[in-house]
Amino acid sequence: MNFDTWFHKQDKVIQIVLLIIPFVGWIVDLLVRWSAFLKNQSTVNLVMAIVITLFGEFWILTILDAVMIAMNNKLFLEE
């Protein structure tokens, strides 16, 4: 699963738009988090993937991810 590499190859504006759209942002965040975990097997990536899976529909975490993408080209707590 290489969705995280595809996502990070996109332009910053496209990444932010994909995260800001309410339902699409949650799905994109899920795919990027689980793809990053499967690739790196990091504990931080696993914890954040589970948190996004369980609480991602509240939309606050995806907005935080969009802000982090705008500031430093990484999702919040992504390795």
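Residues numbered from 1 in each chain as written. Predicted model: local features only at pLDDT ≥ 70, side-chain atom pairs only at ≥ 80, totals over all residues. Heavy atoms only, no water.

A. Broad picture of the overall build of the chain. Looking only at helices and strands, the chain has 5 helices and 0 strands in total. The secondary structure elements of the chain, listed N-terminal to C-terminal, are α-α-α-α-α. Taken over the C-alpha trace, the chain has a radius of gyration of 11 Å; the compact-globule value for 79 residues is 12 Å, and the two agree within 12%. Dimensions along the principal axes, computed over C-alpha positions, put the chain at roughly 30 × 25 × 20 Å. Taken across its 79 residues, the chain has 37% of its residues classed as buried. Considering only contacts within the chain whose residues lie at least 6 apart along the sequence, 63% involve residues at least 24 apart. Entry remark: accessible area of the chain is about 4,600 Å², with carbon and sulfur atoms responsible for 75%. Charge separation in the chain, taken as the distance between the mean sites of 5 positive and 7 negative side-chain charges, equals 7 Å. (Helix = DSSP H or I, 4+ residues; strand = E, 2+ residues; numbered from the N terminus. Rg over C-alpha atoms; globule rule 2.2 N^0.38 Å. Buried < 20%, exposed > 50% of the residue type's maximum accessible area, 1.4 Å probe, protein only. Contact = heavy atoms within 4.5 Å. Areas by Shrake-Rupley, 256 points an atom, 1.4 Å probe, with all protein chains shown as cover. Lys, Arg positive; Asp, Glu negative; His and termini not counted. Charge placed at Lys NZ, Arg CZ, Asp CG, Glu CD.)

B. Main features of the packing of helix α3 (residues 22–40) against helix α4 (residues 43–55). Where α3 contacts α4, the axes come no closer than 9 Å and their chain directions differ by 155°. Here α3 lies roughly antiparallel to α4, going by the angle between them. For the crossing formed where α3 meets α4, the hand is left-handed. Here Trp 26, Asp 29, Leu 30, Arg 33, Trp 34, Ala 36, Phe 37 and Asn 40 of α3 come into contact with α4, specifically with Asn 45, Leu 46, Met 48, Ala 49, Ile 50, Ile 52 and Thr 53. (Axes fitted to C-alpha atoms, helices over the stretch in contact; angles between N-to-C directions. Parallel < 35°, antiparallel > 145°, perpendicular 65-115°, else oblique. Left-handed = near helix turned anticlockwise from the far one by under 90°.)

C. Main features of the environment of Phe 37. Topologically, Phe 37 is positioned in helix α3. According to the relative accessible area criterion, Phe 37 is buried, its value standing at 14%. Taking the C-alpha atoms as reference points, Phe 37 and Ile 69, separated by 32 residues in sequence, lie 18 Å from one another. Leaving out residues up to four positions away in the same chain, Phe 37 has contacts with Ser 42, Asn 45 and Leu 46.

D. Main features of the packing of aromatic side chains. Per the counting criterion, the structure on display carries 3 aromatic pairs. Ring geometry for Trp 34 versus Phe 37: centroids 6.0 Å apart, planes at 85°, classification edge-to-face. A residue pair is termed a helical-turn pair when its members lie 3 or 4 positions apart in one helix, as Trp 34 and Phe 37 do in helix α3 at 3 residues. For Trp 34, a relative accessible area of 28% puts it in the partly exposed group. (Phe/Tyr/Trp six-rings, centres within 6.5 Å; stacked < 30°, edge-to-face > 60°.)

E. Main features of a nonpolar patch on the surface. A surface patch of nonpolar side chains, amounting to about 490 Å² of accessible area, comprises Met 1, Phe 23, Ile 27, Leu 31 and Leu 38. Tracing the chain through its elements places Ile 27 in helix α3. (Patch = residues over 30% accessible without salt bridge, like charges linked within 9 Å, V, L, I, M, F, W, Y side chains within 5 Å. Salt bridge = Lys/Arg side-chain N within 4 Å of Asp/Glu carboxyl O.)

F. Fine view of the side chain of Thr 62. As for its position among the elements, Thr 62 is in helix α5 (residues 60–72). Overall, Thr 62 belongs to the buried group, its relative accessible area being 0%.

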